[in-house]
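Residues per chain are reported as follows:
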Amino acid sequence: MKRVNKNLILSLHPTSQLLLAMVFVLLSLMSENPFLQISIIASVGGIAFLSGKQKELASWWKLCLGMGLIAFIINPLFSREGTTILLSGPFLPVLGKFDVTMEATAFGATMGLRIAAVILSFALLWLILDPVEALGALRKSGFKSGLTSALALRLVPTVARDSAEILDAHRARGIAKDKCGKMEYLKSRIPLLKRLVYTSLDRAMGLAEAIESRAYGSSGKTKGARRKFLPWDIFVISFSSLALIGGILGAKYGVMEFKFYPSISFMGTQSIVSAIALPALLLLSMWVLSCLWTETKS
Amino acid sequence: MDRNKIIKIGNLSYWYPETQKPAIGDINLEIEAGHFILVVGSSGSGKSTLLRTLNGLVPHFYGGKIQGRVLVKGQDTLGSKVRDLARIVGMVFQDPENQFVTDSVESEISFGLQNLSLEESLIAKRIAETTATLRLSHSRGKETQYLSGGEKQKVALASVLAMQPDVLVLDEPTSQLDPVSAEDFLSTLKSLNEELGLTVILSEHRLERCAHFADLVAVLDEGKLAFWGSMREMACWAREKPWVPLPPVTRLFNSFIPLTVKEGREIVGSIASRQGKRNALLPEEKNQDSKNKPEPIVSRNRNANPLLKVSHLSYSYPEGKEALKGVSFEIAEGEEVAIIGENGSGKTTLAKHMNGLLKPTRGKVELCGIDTREKDVATLAQTCGMLGQNPNYHLLADVVEEELMLTLRAMGIEGKKAEELLEEVTETLGIKPLRERNPQELSCGERELVALASVAVYKPTLLVLDEPTRGIDASIKTLISNFIRRYSSQGNSVVVITHELEFAAQCTSRIIMLSEGRIIADGDKHSVLSESLFFTTQFNKVFRGFKEGVITQKDAIEALEAMKC
């Protein structure tokens with residue numbers, strides 16, 4: 001059974017939802033233009049807002065920030081490319097001369113943004129897609145796979161909560177320590193995995209009982225529960241495909257090109273505008289469609 | 001065959017795999033269609049096993065050996081598959097988290113209906129009907145993880161009710177709910193029983209909530225059917241059997257057996273009027289009582305150097321939910337404090353600030369004068385021990401003794417001192433015979449005791465217990481209650497988070513009530529519980545208007561004696 005259609009994005013066919021999110025991922029990988037990455041992040045945020053999932057998407061900021069910062073910090077430290085030296089350091093064995101360049105720093109920042117854009121695009125997909133429907137859409141006899149995936153996905157937050165609670169229980173007993181050496185830290189946490197496995201097995205048993213008690217495995221099963229392909233899906237798929245084609249052409253003809261090495265260069269305003277425009281236009285089309293959808297429904 | 005008998009159990013015995021002792025033995029029962037049946041008994045008495053025989057989970061899911069026969073609507077459960085029996089028997093389990101298959105309300109309800117191969121239009125109709133009947137319409141579009149505890153259990157009920165079974169079986173469905181949500185859930189069950197003629201079979205520990213609903217009661221003891229009859233007959237039979245759970249008010253009177261607050265009030269009313277007390281003495285008593293009231297309901301500074309000082313504490317979770325809003329209070333050495341309030345009121349969040357598991361967003365928490373933000377949890381644990389809601393989370397070792405030694409070693413206690421402490425805590429909690437056992441093999445109640453021992457063994461000055469009585473029977477509750485009083489009498493402080501107000505009244509002296517992250521009452525247990533309408537004990541409800549300040553059984557007995565004089 002489908003989720004309640006509160007807005008256009010959530011009421012789309014899983015294929016349309018999948019394509020919409022994947023276009024952002026692909027666009028992000030097509031070019032190293034930082035304006036493209038910023039535009040993708042903003043557009044993904046906008047679509048999350050249209051789907052009412054903005055709060056949930058915002059909760060991913062820590063992961064994005066952490067991963068993005070790693071790229072931002074590591075690249076300038078290890079990259080020896082670039083001509084504008086910001087910081088000159090000593091000669092290090094193996095690594096050579098330790099110089100931090102402006103180009104490497106900018107490239108690291110862009111990679112951080114790209115990581116954030118990809119994470120957020122996948123997060124958006126996670127938030128808007130119903131796994132049972134998605135698997136059902138992909139396979140004709142997809143119920144079992146759909147069920148497996150639904151259970152796995154539903155249990156992800158439960159297992160995360162269980163592991164946090166187990167950790168808290170043993171931090172509170174002084175067994176799992178926070179301030180200690182790395183080895184001791186790891187050593188104090190490994191036994192907790194055993195408890196997590198036991199807890200997960202207990203939950204799995206309970207769940208299996210509940211599923212069995214609700215007639216799972218009966219001969220025959222309602223087939224018509226899959227979401228239908230509606231005209232809205234055609235519009236969304238068309239706009240998403242156009243954005244993707246635009247991205248491919250832009251990358252092929254270097255319209256969005258942005259070079260970091262040996263020194264930062266790009267094709268002026270055209271490069272910035274086209275990079276911002278592609279994701280923004282996709283967001284704009286979703287916004288217009290959402291307004292029309294709401295009007296039709298009311 | 002009597003067509004009215006929807007369930008017939010004959011000479012039923014069952015052994016779990018690799019066990020010699022039967023979990024249930026020689027059970028004979030016949031249940032009429034449309035009856036509301038209560039199944040009671042202590043932990044491990046065989047309640048859950050008996051309930052699982054009704055939909056075939058025992059023996060089809062669990063394996064093991066079975067003798068005798070179970071007929072449900074004429075269908076032999078031994079010869080039927082669980083999935084076929086699901087059309088006749090719907091089952092709701094203790095923990096809704098363990099029975100949700102999908103992540104949204106509608107898809108959860110539709111799961112069973114799809115398995116029954118119903119048309120999509122019929123599924124939609126059933127969902128609409130069921131959610132409307134259970135007052136869940138507003139939650140239809142929600143994801144299950146965002147529902148309250150009471151709503152989750154209602155969704156679990158809706159997901160089996162939509163399949164339109166003839167018999168509804170529920171295994172301790174309210175054990176994780178606050179009093180108001182539990183009352184709401186059980187009232188819903190009663191109306192389903194009365195209005196739809198649904199046969200309801202309910203296993204419960206807390207009979208004060210549902211004793212008056214039951215047409216018949218089955219009492220199990222060590223797997224045997226010890227009693228089968230009406231609730232009133234059961235109350236007479238069980239008077240001298242402390243292991244049998246009864247509503248608190250039922251054990252109060254010698255010659256009368258009230259089952260409900262209403263009946264209790266009638267008896268107290270008649271005693272009062274017979275003695276001419278109600279009209280003549282009540283105003284005077286009220287004045288007397290208000291003079292005797294220990295303290296007004298305000299936050300108190302009991303001690304110049306409190307053990308725990310919480311000042312203007314606010315806490316917001318990363319996703320933005322503000323769980324605590326400007327909470328301030330102090331706890332002195334030797335105090336026993338209960339924290340009560342509905343599900344989601346911030347009780348656990350508050351408890352997690354006491355040992356530094358959570359750090360304040362705003363405000364301050366000081367443990368023995370140390371700001372919890374400045375120390376790590378392991379350091380704070382030297383002073384504050386905490387038992388979480390799920391005892392299973394605490395159990396790491398393969399032997400009970402080793403489990404307790406883990407804590408002692410983490411606290412730097414070894415050798416003779418460790419042995420002495422281990423001896424003392426196992427003796428006090430009555431788990432000495434379990435010292436060599438594997439915690440995984442213990443009953444739910446025994447595991448709770450072992451988990452409690454694992455946090456109390458090194459005698460932290462402040463012991464925080466988060467819902468220690470969840471899903472356990474009266475005998476274990478008494479053990480925990482006695483332990484708390486003994487522990488605090490040694491100069492330690494105990495904070496108990498609980499939904500069980502009788503338990504709170506029994507083993508604590510002060511009650512803090514939370515609502516939506518704020519303290520709405522803080523004071524002596526008599527004053528706080530006496531002024532509450534719903535969050536109070538059965539004894540208080542019975543004596544309200546006749547004698548103020550009655551909240552425990554001891555108070556009630558004294559009040560009755562005073563009224564009779």
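Definitions and cut-offs
- Note that residues are indexed from 1 along each chain, following the sequence as it is written.
- Labels follow written order: the first chain is A, the first ligand is 1, and so on.
- pLDDT decides what is reported in this predicted model: residues at 70 or higher carry local features, side-chain atom pairs at 80 or more are listed and counted, and totals for whole chains, interfaces and linings draw on all residues regardless.
- Here the side-chain values reflect all heavy atoms present in the structure, with hydrogen atoms and water set aside.
- To qualify as a helix, a DSSP run of H or I must reach at least 4 residues; to qualify as a strand, a run of E must reach at least 2; elements of each kind are numbered from the N terminus.
- We call two residues in contact when some of their heavy atoms are within 4.5 Å.
- Here the accessible surface of atoms and residues is derived via Shrake-Rupley with a 1.4 Å probe, and residues count as covered only by protein chains that are part of the display.
- Nine residue types can take part in a nonpolar core, namely buried Ala, Val, Leu, Ile, Met, Phe, Trp, Tyr and Cys, and a core is a set of them joined through side-chain atoms within 4.5 Å.
- Exposure categories follow from relative accessible area, calculated using a 1.4 Å probe and restricted to protein chains: below 20% of the type maximum is buried, above 50% is exposed, and the middle band is partly exposed.
- Definition used for salt bridges: Asp or Glu carboxyl oxygen within 4 Å of a side-chain nitrogen of Lys or Arg.
- Should DSSP find at least two bridges between two strands, the strands are regarded as paired.
- By convention, the term buried area covers the 1.4 Å-probe accessible surface removed from two parts as they join, with the contributions of both added.
- Polar contact is defined as a pair of N or O atoms within 3.5 Å, subject to the rule that within protein one atom must be able to donate a hydrogen and the other to accept it, and that residues adjacent in sequence are counted only when both atoms are side-chain atoms.
- For this classification, the nonpolar set comprises Ala, Val, Leu, Ile, Met, Phe, Trp, Tyr, Cys and Pro, the charged set comprises Asp, Glu, Lys and Arg, and every other residue, Gly included, is treated as polar.
- Multiplying 1.5 Å by the residue count of a helix minus one yields the expected span of that helix.
- Each C-beta atom gives one direction from the helix axis, and the arc is the one those directions make.

Draft legend 1. Spotlight on the overall build of chain A. Each helix and strand counted, chain A has eleven helices and four strands in total. Taking the contacts inside chain A whose residues are at least 6 apart along the sequence as the reference set, 70% of them involve residues at least 24 apart. Summed over its atoms, the accessible surface of chain A is roughly 14,900 Å², and 72% of this surface lies on carbon and sulfur atoms.

Draft legend 2. Local environment of the nonpolar core. All names here are of chain B. Within the largest apolar cluster, 52 residues are counted, with the highest numbers of intra-cluster contacts made by Leu157, Leu168, Leu170, Leu189, Met231 and Met234. Of the residues forming this core, the biggest block, six residues, is contributed by helix α6 (residues 149–161). If near-sequence neighbours (up to four positions away) are discounted, Leu168 is found in contact with Gly90, Leu157, Val160, Leu161, Leu189, Leu192, Leu198, Thr199, Val200 and Ile201. Within the second largest apolar cluster, 38 residues are counted, among which are Leu387, Ala418, Ile472 and Ile476.

Draft legend 3. Structural view of the pattern of salt bridges. All names here are of chain B. Enumeration over the complete set of coordinates arrives at 36 salt bridges over all chains. When the shortest N-O distance is used, the salt bridge between Glu423 and Lys432 registers 2.5 Å. A relative accessible area of 28% means that Glu423 is categorised as partly exposed. We classify Lys432 as partly exposed; its relative accessible area is 35%. Two residues, Lys432 and Glu427, come together in a salt bridge whose shortest N-O distance is 3.2 Å.

Draft legend 4. Structural detail: the sheet that holds strand β12 (residues 322–331) of chain B. The antiparallel open sheet is built from four strands, whose spatial order is β12-β11-β14-β15 (chain B). In this open sheet, the two strands that pair with only one neighbour each are β12 and β15 (370–371) of chain B.

Draft legend 5. Seen up close, the interface of chain A and chain B. Contacts between chain A and chain B engage 59 residues on the former and 70 residues on the latter. Here chain A meets chain B over a buried area of about 5,600 Å², counting both sides, of which 51% is carbon and sulfur. Viewed at the interface, chain B and chain A are joined by nine salt bridges. Note that Lys352 of chain B and Glu165 of chain A form a salt bridge whose closest N and O atoms lie 3.1 Å from each other. Counting across the chain A and chain B interface gives 21 residue pairs in polar contact (both at pLDDT 80 or more). If you list the elements that add at least two residues to the side of chain A that touches chain B, you get α8 (143–171) and α9 (182–213) of chain A. Residue contributions to the side of chain A that touches chain B peak at 17 residues, all from α9 of chain A. Grouping the amino acids of the side of chain A that touches chain B by side-chain chemistry returns 22 nonpolar, twelve polar and 25 charged.

Draft legend 6. Local environment of helix α5 (residues 120–133) of chain B. Residues and elements named next belong to chain B. Helix length check: α5, at 14 residues, gives a terminal C-alpha distance of 20 Å against a target of 20 Å (1.5 Å per residue), a fit within 8%. Residues of α5 that are buried: Glu120, Ile123, Arg126, Ile127, Thr130 and Thr131. The arc enclosing the buried residues of α5, seen along the axis, measures out at 120 degrees, which places them on a common side. Against α4 (105–115) and α6 lie the buried residues of α5. Where α5 terminates, the next one or two residues include Arg135, which has phi positive at roughly 55 degrees.

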